[in-house]
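Topology and contacts: notes
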Amino acid sequence: MWTSEDVTSLEGAAQGRDRTRSRLSIAMPTRNRPELLERAIGSALEATTAVAGQVEVTVSDGSDDDASGRVARRLLADWPGGYRYVHNRPALSLPGNINRAMQLATGEWILQLHDDDYLLPGAGQVILEAIRRTPEGERILLFGVDIVNLDGVAHRHQRFRHERYLGPEAALRQVLRNSSFVRMPAAVVHRTAFEEEGWFDTTLGGPCDTDMWVRLFARYGVRCLPATTCAYTTHQGAATAGMWNRGTIRLNREIFDRAVDRGLVSEGSIRRWETDFFHQFILAGAYRHLRLRQRAEARDVLRLFDLPEISHLGASPRWLPVRVALTAATAGARKPAEPRPHGDV
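Figured I'd write up the structure that's included with this text. From a predicted model like this one, the values you see are computed outputs, not experimental measurements.

**Some details on the overall build of the protein chain**
- Summing up its helical and strand segments, the protein chain has 13 helices and 10 strands in all.
- Expressed as a percentage of the 345 residues in the protein chain, the buried residues total 53%.
- Pairs at least 24 apart in sequence give 80% of the contacts found in the protein chain among residues at least 6 apart.
- For the protein chain, the accessible surface area stands at approximately 15600 Å², while carbon and sulfur atoms represent 50% of it.

Here it is, written out as structure tokens:
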């Protein structure tokens, strides 16, 4: 097993050059998913083959065993780019593992790639070209992304029609009104933005990414680019699969309160965006279950609309037709009864 103390000597043997020259770091948090990690690392290496000298890969591993470490060693050992790997014992929280992967990075720009997502062929050149022509002072790039299942079959394409820069107020409106505006592997961020705004807030758990985009967008805005560079995987084993609950609602509401405190936009505007955000968020969770023919589970997600902290926000005209349709699709759905132990009557 490699440890943080082993990293420097192993890097030197792999590269024989100064790691600080990397232009782009691909930071990868992982835990107990070696098969998916193999796909993710493999995609990163393939996507950056032509520009490996400007790229490094950092892996922060919280796995219970060394299976993921073996995958990382095998794939990275002969790669001409830079790399770092650490096995954290004890394991870090998800936000902590994300932060560790990024803090290992030495590149000027950082792309965060979770182990269940992957980059598309040629993405490295596309990203580095976009970085090269990004105006001085801009700190965040957002590319298109394919939404795929575990088999890599795309069921949605999320992309921009043309390149445009959104200033802080417009960018904040997008991320607070659209709960899926940013898919993690599609964002590339200048490392100074993280250093100035701080890393992911480990007290927020899963919603820490929304909080990060609120902080970064409110300060720097975002440049949206039409090229698609990555795939975001939706599946039952994803960290996001269990986030449709009251605890996540509470944490997201805290993020909206923090956005109000920034004073960049009026509270009235933010509260209207909040209504749209939570409607989209809840409906997306219900739709995921319906796609898997889990009508009862979808109905349980829709019941989040009954929570006082959600119902008081009022209805979202934008999402009301979808809410009506999903409510009808789940009407009367019940979970199968639990089997009784032998001997019960």
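**Looking at the environment of Val175**
- Residue placement: Val175 occurs in helix α6 (residues 168–177).
- When its relative accessible area of 5% is taken as the criterion, Val175 is described as buried.
- Each C-alpha atom, one on Val175 and one on Phe277, is 8.6 Å from the other, the two residues being 102 residues apart in sequence.

**A look at the pattern of salt bridges**
- Scanning all chains against the criterion turns up 26 salt bridges.
- The shortest N-O distance in the salt bridge between Arg219 and Glu196 comes to 3.8 Å. Taken as a pair, Arg219 in helix α8 (residues 208–220) and Glu196 in helix α7 (residues 191–197) lie far apart in primary sequence, 23 residues in all.
- Look at the salt bridges and you will find they share partners, linking Asp201, Asp211, Arg215, Glu254 and Arg258 into a network.

**Observations regarding the pairing of strand β9 (residues 187–190)**
- Side-chain alternation along β9 places Ala187 and Val189 on one buried face and Val188 and His190 on a second face that is also buried.
- For strand β4 (residues 109–112) and β9, the ladder comprises three bridges, and the chain directions are antiparallel. Looking across to β9, one finds that Ile110 is bridged to Val189.
- When strand β6 (residues 140–148) meets β9, the two strands line up antiparallel, connected through three bridges. Bridge assignment links Ile140 to a residue of β9, and that residue is Val189.

**Some remarks on the packing of aromatic side chains**
- Counting across every chain of the model gives nine aromatic pairs.
- Between Phe160 and Phe181 the ring centres are 6.0 Å apart and the planes differ by 70 degrees, which places this aromatic pair in the edge-to-face class. Here Phe160, found in the loop between β7 (154–158) and β8 (164–166), pairs with Phe181, found in the loop between α6 and β9; they are 21 residues apart in sequence, far enough to count as distant. Phe181 carries the same exposure label as Phe160, and that label is buried.
- An angle of 15 degrees between the planes, with centres 5.5 Å apart, marks the rings of Phe194 and Trp199 as stacked.
- Accessibility expressed as a relative area gives 2% for Phe194, which makes it buried.
- Judged by its relative accessible area of 24%, Trp199 is partly exposed.
- One aromatic cluster in this structure is built from Phe160, Phe181, Trp213 and Phe217.
- Directly above the ring of Tyr232 sits Arg183, whose terminal nitrogen or CZ lies 4.8 Å from the centroid.

**Digging into α8**
- Across its 13 residues, α8 extends 18 Å between first and last C-alpha, which sits within 8% of the 18 Å expected from 1.5 Å per residue.
- Along α8, the residues classified as buried are Cys208, Thr210, Asp211, Met212, Trp213, Val214, Arg215, Leu216, Phe217, Ala218 and Tyr220.
- Backbone geometry just after α8 places Gly221 at a positive phi near 70 degrees.

**Things to note about the nonpolar core**
- Ranked by size, the top nonpolar core spans 98 residues in total, and within it Ile26, Trp213, Leu216 and Phe217 carry the most contacts.
- Here the element with the most residues in this core is helix α10 (residues 267–291); it accounts for nine residues.

**Focus: unusual backbone geometry**
- Across the junction of Arg89 and Pro90, the peptide omega takes the value -5 degrees, indicating a cis bond.
- Checked against the element boundaries, Pro90 lands in the loop between β3 (82–87) and α4 (94–103).
- With phi around 60 degrees, Arg293 is a residue other than glycine that occupies positive phi space.

**Here's the deal with the environment of Ser63**
- Relative to the helices and strands, Ser63 is located in the loop between β2 (55–61) and α3 (67–76).
- Considered as a pair, Ser63 and Asn32 are 31 residues apart in the sequence and their alpha carbons are 4.6 Å apart.
- Beyond its immediate sequence surroundings of up to four residues, Ser63 is in contact with Thr30, Arg31, Asn32, Ser68, His87 and Arg89.
- Among the polar contacts listed, one links the side chain of Ser63 to the side chain of Asp61, at a separation of 2.5 Å.
- At 3.3 Å, the side chain of Ser63 and the side chain of Ser68 are in polar contact.

Criteria and thresholds
- Residues numbered from 1 in each chain as written.
- Predicted model: local features only at pLDDT ≥ 70, side-chain atom pairs only at ≥ 80, totals over all residues.
- Heavy atoms only, no water.
- Helix = DSSP H or I, 4+ residues; strand = E, 2+ residues; numbered from the N terminus.
- Buried < 20%, exposed > 50% of the residue type's maximum accessible area, 1.4 Å probe, protein only.
- Contact = heavy atoms within 4.5 Å.
- Areas by Shrake-Rupley, 256 points an atom, 1.4 Å probe, with all protein chains shown as cover.
- Salt bridge = Lys/Arg side-chain N within 4 Å of Asp/Glu carboxyl O.
- Pairing = 2+ DSSP bridges.
- Phe/Tyr/Trp six-rings, centres within 6.5 Å; stacked < 30°, edge-to-face > 60°.
- Lys NZ or Arg CZ within 6 Å of the ring centre and 35° of its normal.
- Expected span 1.5 Å × (residues − 1).
- Core = buried A, V, L, I, M, F, W, Y, C linked by side-chain atoms within 4.5 Å.
- Polar contact = N/O pair within 3.5 Å; in protein donor to acceptor, adjacent residues only side chain to side chain.

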